[in-house]
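Below, each chain spelled out in residue letters.
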Amino acid sequence: MKIKEVELRIIELPLVRPFRTSFGTQLNRELLLMKIATHEGTEGWAECVAMSEPLYSPEYTFACQDVIERFLLPKIFEQGDVLAEEVSSLLKPFLGHQMSKAAIETALLDAQLKLEGRSFGSYLGSTKELVDCGVSVGISSSLDALVSEVSQYVHEGYRRIKLKIEPGWDIEPVRTIRDMWPDILLQVDANQAYTRSDFDLLKQLDPYDLLLIEQPLDEHDLLGHATLARQIATPVCLDESITSLESARDALALKATTIINIKPGRVGGYLESVRIHDLCVENDIQVWCGGMLETGIGRAANVALASLPGFTLPGDTSASARYFERDITDPFIMIDGQLRVPTKPGIGVDIDRNFIEDLTKSRKVITA
Ligand code: SMG
Ligand code: MG
């Protein structure tokens, strides 16, 4: 592919309800959209999943725009003709910035697959037409509010509930939800909110038959996770700590994780995600697809990824209505707890350009 120009646009969409995690509360989803126009005549789209502040990971929207503009795109332009499959090795000299790199690789892949007339799912190795959906439930203002939110999701058909937890909001909410729904698939996510001195507390989650506990400790504390995993019955699942195939391999070897949450942005793209998926399949490790409050663009690609055979647990791939009143693509509608994998060429969604225009905070076009 030969890139003609790249459009970087920061948009902001209101969330249908505030989303509170152990690191903060979000009312809106600000994100960076990328559109790549190629000399071959196709257009590729991607969203960069970084948040507006460096709280989930070191990346944040404006820094992504900066690194993309200042370092990553010039390197790609220098290459002239470029394939999506070459992006990660071309950008390897620049350390970190996985979400920014993932956006470039994904937009190129979208453009490339549109030219080939091939869908994202078919290219990645999809084996399913439908994927099971879970939903991530933020920290609530009260147990009553939590019960009412979970109850709504259960009635809508979500096949798995994930509760965000933090010190002071853990055992009690889990007990409440487990007592009300004894059979539902239930898991928790701490986003690094605990320390090595909290193991006794986390052990108190053992009776509630949780599928897993996601990222209880600091992202760099693999040894702490391995120690915790030996002391509690709930399986430990890493999210923030897994930033590449190598880190996944290390975490598995150390037994710091027994299940992996794959988020394409966090690991540098969908191609690295497939490599991690393959590693997990070889080692009989369950995987599921994480979420970053994506719009329909990122969701479409995630749903395609989640349809690979190793994704055996429901993902944080919820319906558009879970996040936004109105999505920037044709909405993802959940039927019987599942989303349909797009089959049109590329990412395979129709983009609502007029709506994107209304949501735009800044726009920049960079010519190759
Ligand atoms: O996309 O449904 C979604 C959000 C899922 O909880 C979710 N993501 O740590 O897994 C996680 C968080 C990261 C984003 S929180 C703002
Ligand atoms: Mg998580």
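Residues numbered from 1 in each chain as written. Chains lettered and ligands numbered in written order. Predicted model: local features only at pLDDT ≥ 70, side-chain atom pairs only at ≥ 80, totals over all residues. Heavy atoms only, no water.

**Student:** Provide a residue-level description of the overall build of the protein chain, including the pertinent values.
**Tutor:** Per the secondary structure count, the protein chain includes 14 helices and 13 strands. Dimensions of the protein chain, computed from C-alpha atoms along their principal axes, come out at roughly 60 × 40 × 35 Å. Out of the 368 residues in the protein chain, the part that is buried amounts to 59%. For the protein chain, long-range pairs separated by at least 24 residues make up 72% of all intrachain contacts whose partners lie at least 6 apart in sequence. Approximately 14700 Å² of the protein chain is accessible, and the part contributed by carbon and sulfur atoms is 50%. (Helix = DSSP H or I, 4+ residues; strand = E, 2+ residues; numbered from the N terminus. Buried < 20%, exposed > 50% of the residue type's maximum accessible area, 1.4 Å probe, protein only. Contact = heavy atoms within 4.5 Å. Areas by Shrake-Rupley, 256 points an atom, 1.4 Å probe, with all protein chains shown as cover.)

**Student:** Hey, could you go over the coordination of the magnesium ion (ligand 2) for me, with residue numbers and the actual values?
**Tutor:** On the protein side, the magnesium ion (ligand 2) has Asp189 (OD), Glu214 (OE) and Asp239 (OD) as donor atoms, found 2.0 to 2.3 Å from it. Sequence spacing of the donors to the magnesium ion (ligand 2): D-x24-E-x24-D. Within this pair, whereas Asp189 is found in strand β7 (residues 186-189), its partner Asp239 is found in the loop between β9 (236-238) and α9 (245-253), the two being separated by 50 residues in sequence. The class of Asp239 is buried, set by a relative accessible area of 0%. (Donors = N, O, S within 2.8 Å, 3.2 Å for Na, K, Ca; no water.)

**Student:** Tell me about the pairing of β7, and name the residues and values.
**Tutor:** Burial of β7 is two-sided: the residues Leu186 and Val188 facing one way and the residues Gln187 and Asp189 facing the other way are all buried. Two strands pair when backbone bridges link them, and strand β6 (residues 160-164) and β7 are joined in this way by four bridges, in the parallel orientation. The residue bridging Lys164 from the neighbouring strand is Asp189, located in β7. Tracing the backbone out of β6, into helix α6 (residues 171-180) and back to the parallel element β7 gives a crossover that is right-handed. (Pairing = 2+ DSSP bridges. Right-handed = clockwise from strand over helix to strand, strands pointing away.)

**Student:** Hey, could you go over the sheet that holds strand β10 (residues 259-262) for me, with residue numbers and the actual values?
**Tutor:** Taken in spatial order, the seven strands line up as β5-β6-β7-β8-β9-β10-β11 in an open sheet, and their pairing is parallel. The two strands at the open ends of the sheet, each matched to only one other strand, are β5 (134-137) and β11 (286-289). Sheet analysis places β10 next to β11, joined by four bridges and oriented parallel. Bridged to Ile262 within β11 is Cys289. Along the sheet face, helix α11 (residues 270-282) touches β10 and β11 and points at about 165 degrees away from the line of β10. (Axes fitted to C-alpha atoms, helices over the stretch in contact; angles between N-to-C directions.)

**Student:** A description of the packing of aromatic side chains should follow, citing residues and the corresponding values.
**Tutor:** Counting across every chain of the model gives five aromatic pairs. Each ring, one from Phe23 and one from Tyr56, has its centre 6.4 Å from the other, and the planes form 55 degrees; the classification is tilted. Of the two residues, Phe23 sits in the loop between β1 (3-21) and β2 (24-38) while Tyr56 sits in the loop between β3 (43-48) and α1 (61-79), which places them 33 residues apart along the sequence. Taking the relative accessible area as the measure of exposure, Phe23 reaches 25% and is therefore partly exposed. Consider the rings of Phe120 and Tyr270, whose centres lie 5.2 Å apart with planes at 85 degrees: the pair is edge-to-face. Taken together, the residues span a long stretch of sequence, with Phe120 in helix α4 (residues 120-124) and Tyr270 in helix α11 at a distance of 150 residues. Here Phe120 matches Tyr270 in class, with each residue buried. Here the basic side chain of Arg326 rests over the ring of Phe355, its NZ or CZ set 3.9 Å away from the ring centre. (Phe/Tyr/Trp six-rings, centres within 6.5 Å; stacked < 30°, edge-to-face > 60°. Lys NZ or Arg CZ within 6 Å of the ring centre and 35° of its normal.)

**Student:** Account for the side chain of Glu149, with residues named and values stated.
**Tutor:** Residue placement: Glu149 occurs in helix α5 (residues 143-156). Here Glu149 falls in the buried class, since its relative accessible area comes to 9%. At 3.1 Å, the side chain of Glu149 forms a polar contact with the side chain of Tyr153. In contact with Glu149, other than residues within four places in its own chain, are Arg17, Val137, Gly138 and Ser140. (Polar contact = N/O pair within 3.5 Å; in protein donor to acceptor, adjacent residues only side chain to side chain.)

**Student:** How would you explain helix α8 (residues 222-231) if you had to name every residue and give the values?
**Tutor:** Residues of α8 that are buried include every one of Leu222, Gly224, His225, Ala226 and Leu228, and no others. Elements that come into contact with the buried residues of α8 comprise α7 (199-203), β9 and α9.

**Student:** With reference to specific residues and values, describe the site of ligand 1.
**Tutor:** Of all residues adjacent to ligand 1, which total 20 residues, the nearest are Gln26, Ser136, Asn191, Leu293 and Tyr323. Between ligand 1 and the protein, one listed contact pairs an oxygen atom with a side-chain N or O atom of Asn191 at 2.7 Å. Taking Tyr323, its side chain carries an N or O atom lying 2.6 Å from an oxygen atom of ligand 1. Protein coverage of the free-state accessible area of ligand 1, which is 430 Å², stands at 100%. If you list the elements that add at least two residues to the shell around ligand 1, you get β1 and β6. Taken together, the residues of the shell around ligand 1 sort by class into seven nonpolar, five polar and eight charged. (Near = heavy atom within 4 Å. Nonpolar A, V, L, I, M, F, W, Y, C, P; charged D, E, K, R; others polar.)

**Student:** If you had to explain empty space enclosed by the protein to someone new, which residues and values would you point to?
**Tutor:** Following the criterion strictly, the structure yields two cavities of 30 Å³ or more and no others. In this structure, the largest cavity spans a volume of roughly 200 Å³. Surrounding the largest cavity, 20 residues form its lining, Phe19, Lys164, Gly291, Met292 and Leu293 being those nearest its centre. At the level of secondary structure, the elements contributing two or more residues to the lining of the largest cavity comprise β1, β6 and α13 (320-323). Partitioned by chemical class, the residues of the lining of the largest cavity number seven nonpolar, six polar and seven charged. Taken domain by domain, the makeup of the lining of the largest cavity includes at least three residues from each of domain 1 (3-118 + 350-367) and domain 2 (122-340). In this structure, the second largest cavity occupies an estimated 140 Å³ of space. Along its surface, the second largest cavity is lined by 19 residues, and Glu47, Val49, Thr106, Gly265 and Tyr270 are the ones closest to its centre. Elements that contribute at least two residues to the lining of the second largest cavity include exactly β3, α3 (98-116), α10 (264-267) and α12 (296-306). (1 Å grid on protein atoms, 1.4 Å probe; cavity = no way out; pocket = protein on both sides within 12 Å on 5 of 7 lines; lining within 4 Å. Points joined across faces, edges and corners; volume = space filled by probe spheres on them. Domains from an automatic or database assignment.)

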